[in-house]
Amino acid sequence: MKNFLKKLVGMQFFIPIAALLLLALFNLIADPSFFRITLGQNSNGDPVLSGYLITILDYGSELAILAIGMTLVTAATGGQDISVGAGIAIAGSVILKMLCGSNTRPTELQMPIMLAFFIAVLVSIAFSCFNGVLVAYFNIQPMVATLILFTAGRSIAAWINNNELPIISSECSRSFSYFGNFIPGIPIPTPVFIVAITIVIIMLLLKFTTLKLYTQSVGINPKSSRLNGLNPELIKITAFAILGVCVAISGLIKVSRLSTINYSVIAKDIEMDAILAVALGGNALSGGKFSTWGSILGAYVIQFLTTTLYKLNVSSDALPAYKAVVIIILVVASSATVREKVGRFFKELSSGNASAPGAGKGGVKA
Amino acid sequence: MTKSLKKTISVAAAAFMCMSLAACGSSAPAPAATEAPAADTTAAPAETKAASGGNIKVGIINNDPNESGYRTANDKDLKAKFTAENGYDAQFAYSLKNDEQITAATKFIQDEVDYLLLSAADTAGWDSVLQDAKNAGVKVILFDRTIDADPSLYEASIVSDMDKEGKTAVEWLKGQNLSEYNIIHIQGVMGSAAQKGRSGALIDEAAASGWNILTSQTAEWNAEKAEQIVKSQIDSGAKFNVIYAENDDMAKGAVAALDKANISHGVGKDVIVMGFDCNKWALEELLNKNWNYDGQCNPFQAQYLDDVIKKLQNGETISEKTIIMEEKGFDASTITQEDVDKYGI
């Protein structure tokens, strides 16, 4: 039993899952209707599911997608990209520019949505690779390298559209809003499907290629990776490129939600949440071994927390304080030091009882 | 290790310098004035220069036009007014950072501008540079934002009265004579002047008239956050009939949440939607009767600045230092296309 506990605590998913369960338990006690899901209609008369759990899955989508890319960058470079929020502004701006052309209130789209999205992916990869090159070849700390785009990105996004705010009205294109809302006839929010598809693709990529192994070895020790015939620079830039794709996908969801963009506030501070998701997922921010599932769970923990706080009607002045307290607890609990200590504590408990010395050994093995 | 750290720092420093250069670089150099450099800057410069017939040199320090639609409109308005045709030789500098703005101010003073027009990023830290301006005979006029400095250091300050904006909106809401008021209050960034003024009016009136504010939460001017706040209220099954959003973006986010839940909004519908800032697209929503009210936050300060400068040039004194701009509130049932074109930003 104690051995099981130790194993449980040692597991990387322990913290995000425990946090999710705790938040769920809290809400269950506070108000069981939190878990109610109802099938209703939106103003177009299409069926939609609603309820807090759906809200969490829906609004957590962008963060979950970003967390995947952020995990790879963290693992490969031992640093974080803080320009993803600005990157989303750029990607969103490119999509709208492509769809609207020079007219900010188009009556018809200038090109298919998927083509516009594809162009945004390319642009996003280009910006991300710029970050990647600074990190990989110039050995600049990732946070410093990405500070450049963090500062300039939103101005670039505004510049792409001449500082105008394009709006795609529902008369112009109904389908553009599907990506961030609902597809008629399907009551589950579309972002949930987009997250699922992204996860499947990334998981297949990690499972059937050597990308995961290479990324981890570069993250742990670039020099010895090089001696073993890997190309650390290429691996790092690849990680950034994948993050670039994630940013473009998030950008599509974001601009689709409201069919417009606001350069200065779109996806504001999302980079910090993405980094937090990676940390909550039990990943070392110094790079090396990683678990994308942990980060994805971490992202939903953050959204769960946000939604819970909104539900509790915590006053605006106090909101950051509540959030900070919870996050401090989560981050401290998920730190490797605490986990190791707790693990050792359980191990000592089991060997201290001395009923079975094998238990201790088993613990070491695990 | 230390070596790489040093490298990091030096590159970071270089990057910062590039960025600040870029920021200064965006101040478009205006066509050079033909007038000879004035030697008599300290002794009553205004009259002599006006008499000499040259353009009036102004240095305009503003926040980044990309900050918001409001700022973009503000910048366009200033650029349209302070042109050579209107007798001005204007230089612009933009920054959201106070220290960069102060650097720009110092530069303008060295360039011997006649007027320094300032929308300060931060209220503090302006005393010494404004004292320098005064000593150099440069007249300072504040617009849009006030600063914590001695009023003798500037000629006039042209501002919006956020409290009044809030009051106008709340008066309008009161005039709707609803049988009950169940309000979702979506706030801007806490502590900003706009948030304080617009929140204060609502909270006071709610206390006085017994209105029920279901929730007051900050969406930090962000549409997506506003959408989540309203969604959260809908999910909880709360009944509400007013959304008081402190800017247009947040009202838009709130409306998106209403649409998802098939709750009708607008003129004669279940929920009253109120926004601020008068973005063009928001006024169009009013015109289509999807929203009910939009309060103006007037970005068109150039005319006021121009008036003040003309007065000073004629040797008149400014009786009232703080000039509060006229601001309107639009009702969806009375707004016209003309209003949208004229007041939309």
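The model shown is predicted, which means the values in this text are computed figures rather than measured ones.

Some points on the sheet that holds strand E4 (residues 139-143) of chain B
Residue and element names in this part refer to chain B.
Point 1. Ordered in space as E2-E1-E3-E4-E5-E11, the 6 strands form an open sheet in which the pairing is parallel. At either margin of the open sheet sits one strand with a lone partner, and together these are strand E2 (88-94) and strand E11 (322-324). Strand after strand, the sheet turns through a mean of 20° between neighbouring axes, direction not considered.
Point 2. Pairing between strand E5 (residues 156-159) and E11: 3 bridges, direction parallel. Looking across to E11, one finds that Ser157 is bridged to Thr322.
Point 3. Against the sheet, helix H3 (residues 69-81) contacts strand E1 (56-62), E2 and E4, and its axis sits at roughly 155° relative to E2.

Structural notes on the pattern of salt bridges
Point 1. Per the stated rule, a full pass over the model turns up 21 salt bridges over all chains.
Point 2. Its salt-bridge partner being Lys254 of chain A, residue Glu224 of chain B comes within 2.8 Å of it at the nearest N-O pair. Of the two residues, Glu224 of chain B sits in helix H8 (residues 223-235) while Lys254 of chain A sits in helix H12 (residues 232-258), which places them in two different chains.
Point 3. Taking the relative accessible area as the measure of exposure, Glu224 of chain B reaches 12% and is therefore buried.
Point 4. Notably, a salt bridge pairs Glu165 of chain B with Arg198 of chain B, separated by 2.7 Å at the nearest N-O pair. Highlighted residues: Glu165 of chain B in helix H6 (residues 162-175) and Arg198 of chain B in helix H7 (residues 193-209), separated in sequence by 33 residues. This pair shows no difference in class: Glu165 of chain B is buried, exactly as Arg198 of chain B is.

Observations regarding a nonpolar patch on the surface
Residue and element names in this part refer to chain A.
Point 1. A cluster of nonpolar side chains, Ile183, Ile186, Ile188, Phe193, Ile197 and Ile201, forms an exposed patch at the surface whose accessible area comes to about 480 Å².
Point 2. Relative to the assigned elements, Ile201 resides in helix H9 (residues 190-208).
Point 3. On the basis of relative accessible area, Ile201 is assigned to the exposed category, the value being 52%.

Notes on the sheet that holds strand E9 (residues 272-276) of chain B
Residue and element names in this part refer to chain B.
Point 1. Within the open sheet, the 6 strands sit side by side as E7-E6-E8-E9-E10-E12. Their pairing is mixed. Both edges of this open sheet fall to strand E7 (212-218) and strand E12 (329-331), since each of them pairs with a single strand only. If you compare each strand with its neighbour and ignore which way they point, the axes differ by 15° on average.
Point 2. Taken together, the 4 bridges between strand E6 (residues 182-187) and strand E8 (residues 242-245) define a ladder with parallel strand orientation. Its bridge partner being in E8, Ile186 is matched across the sheet by Ala245.

Considering the packing of helix H5 (residues 84-100) of chain A against H12 of chain A
All names here are of chain A.
Point 1. The N-to-C vectors of H5 and H12 enclose an angle of 60°; their axes lie 8 Å apart at closest approach. Comparing their axes, H12 and H5 come out oblique. The handedness of the crossing between H5 and H12 is right-handed. Contact residues: H5 offers Val84, Gly87, Ile88, Ala91, Gly92, Ile95 and Leu96, while H12 offers Leu243, Val247, Ala248, Ser250, Gly251, Leu252, Lys254 and Val255.
Point 2. Split by residue class, the contact of H5 with H12 holds 10 nonpolar, 4 polar and 1 charged.

Topic: the interface of chain B and chain A
Point 1. Contacts between chain B and chain A engage 43 residues on the former and 47 residues on the latter.
Point 2. On the chain B side of the contact with chain A, Glu224, Gln228 and Lys260 of chain B bury the most area, a combined 18% of that side's loss.
Point 3. On the surface where chain B and chain A come into contact, there are 3 salt bridges.
Point 4. Summed over the shared surface of chain B and chain A, the result is 17 residue pairs in polar contact (both at pLDDT 80 or more).

Quick notes on the domain arrangement of chain B
All names here are of chain B.
Point 1. Domain boundaries in chain B define domain 1 (43-159 + 299-314) and domain 2 (162-297 + 330-343).
Point 2. Contact residues are listed per partner, giving 4 residues for domain 1 and 4 residues for domain 2.
Point 3. Both faces considered, domain 1 and domain 2 share a buried interface measuring about 280 Å² in area, 59% of it formed by carbon and sulfur atoms.
Point 4. Interface area lost by domain 1 to domain 2 is led by Tyr70, Pro299 and Phe300, which between them contribute 87%.
Point 5. The interface formed by domain 1 and domain 2 contains 0 salt bridges.
Point 6. For the pair domain 1 and domain 2, the interface holds 0 residue pairs in polar contact (both at pLDDT 80 or more).
Point 7. Looking at the side of domain 1 that touches domain 2 residue by residue, the class counts come to 3 nonpolar, 1 polar and no charged.

A look at the side chain of Asn222 of chain B
Point 1. Relative to the helices and strands, Asn222 of chain B resides in the loop between E7 and H8.
Point 2. A polar atom in the side chain of Asn222 of chain B sits 2.9 Å from the backbone nitrogen of Glu224 of chain B.

Some points on the packing of helix H4 (residues 98-110) of chain B against helix H5 (residues 127-135) of chain B
All names here are of chain B.
Point 1. Running from N to C, H4 and H5 point in directions that differ by 10°, and their axes come no closer than 10 Å. As the angle between them shows, H4 and H5 are arranged roughly parallel. Here H4 contributes Ile102, Ala105, Thr106 and Ile109 to the contact with H5, which in turn contributes Val129, Asp132 and Ala133.
Point 2. For the contact of H4 with H5, a count of residues per class yields 5 nonpolar, 1 polar and 1 charged.

A word on the confidence of the model for chain A
All names here are of chain A.
Point 1. Per-residue pLDDT for chain A has a mean of 89; in total, 93% of the residues score no lower than 70.
Point 2. Here helix H17 (residues 357-365) stands out as the least confident element of chain A, with mean pLDDT 42; helix H6 (residues 113-136) is the most confident, with 97.
Point 3. Confidence over residues 356-366 falls short of pLDDT 50; this stretch has 7 contacts with residues more than four positions distant or in other chains.

Some points on unusual backbone geometry
Point 1. Even without a glycine there, the phi angle at Asn163 of chain A is positive, about 65°.
Point 2. Along the chain, the position of Asn163 of chain A falls in the loop between helix H8 (147-160) and H9.

Thoughts on the side chain of Ser225 of chain A
Residue and element names in this part refer to chain A.
Point 1. With respect to the secondary-structure elements, Ser225 resides in helix H11 (residues 222-227).
Point 2. Here Ser225 falls in the buried class, since its relative accessible area comes to 3%.
Point 3. Side-chain polar atoms of Ser225 contact the backbone nitrogen of Val218, separated by 3.4 Å.
Point 4. Apart from residues no more than four positions distant in its own chain, Ser225 is found in contact with Ser217, Val218 and Leu230.

Some thoughts on the confidence of the model for chain B
Residues and elements named next belong to chain B.
Point 1. Taken residue by residue, chain B gives an average pLDDT of 84. The fraction at 70 or more is 85%.
Point 2. Confidence drops under a pLDDT of 50 for residues 17-52, and excluding neighbours within four residues, the segment shows 36 contacts in the predicted structure.
Point 3. This complex was scored by the predictor with a pTM of 0.82 and an ipTM of 0.87.

Here we look at the layout of surface pockets
Point 1. Approximately 1100 Å³ is the volume found for the second largest pocket.
Point 2. As for the second largest pocket, its lining consists of 35 residues, and the residues nearest its centre are Ser169, Ser170 and Ser259 of chain A together with Asp259 and Glu285 of chain B.
Point 3. In terms of residue count, helix H9 (residues 248-260) of chain B provides more of the lining of the second largest pocket than any other element does, 5 residues in total.
Point 4. Each residue belonging to the lining of the second largest pocket can be placed in one class, and the counts come to 11 nonpolar, 13 polar and 11 charged.

Reading guide: rules and limits
Residues numbered from 1 in each chain as written. Chains lettered and ligands numbered in written order. Predicted model: local features only at pLDDT ≥ 70, side-chain atom pairs only at ≥ 80, totals over all residues. Heavy atoms only, no water. Pairing = 2+ DSSP bridges. Helix = DSSP H or I, 4+ residues; strand = E, 2+ residues; numbered from the N terminus. Axes fitted to C-alpha atoms, helices over the stretch in contact; angles between N-to-C directions. Contact = heavy atoms within 4.5 Å. Salt bridge = Lys/Arg side-chain N within 4 Å of Asp/Glu carboxyl O. Buried < 20%, exposed > 50% of the residue type's maximum accessible area, 1.4 Å probe, protein only. Patch = residues over 30% accessible without salt bridge, like charges linked within 9 Å, V, L, I, M, F, W, Y side chains within 5 Å. Areas by Shrake-Rupley, 256 points an atom, 1.4 Å probe, with all protein chains shown as cover. Parallel < 35°, antiparallel > 145°, perpendicular 65-115°, else oblique. Left-handed = near helix turned anticlockwise from the far one by under 90°. Nonpolar A, V, L, I, M, F, W, Y, C, P; charged D, E, K, R; others polar. Buried area = accessible area lost by both parts, 1.4 Å probe. Polar contact = N/O pair within 3.5 Å; in protein donor to acceptor, adjacent residues only side chain to side chain. Domains from an automatic or database assignment. pLDDT = per-residue confidence, 0-100. 1 Å grid on protein atoms, 1.4 Å probe; cavity = no way out; pocket = protein on both sides within 12 Å on 5 of 7 lines; lining within 4 Å. Points joined across faces, edges and corners; volume = space filled by probe spheres on them.

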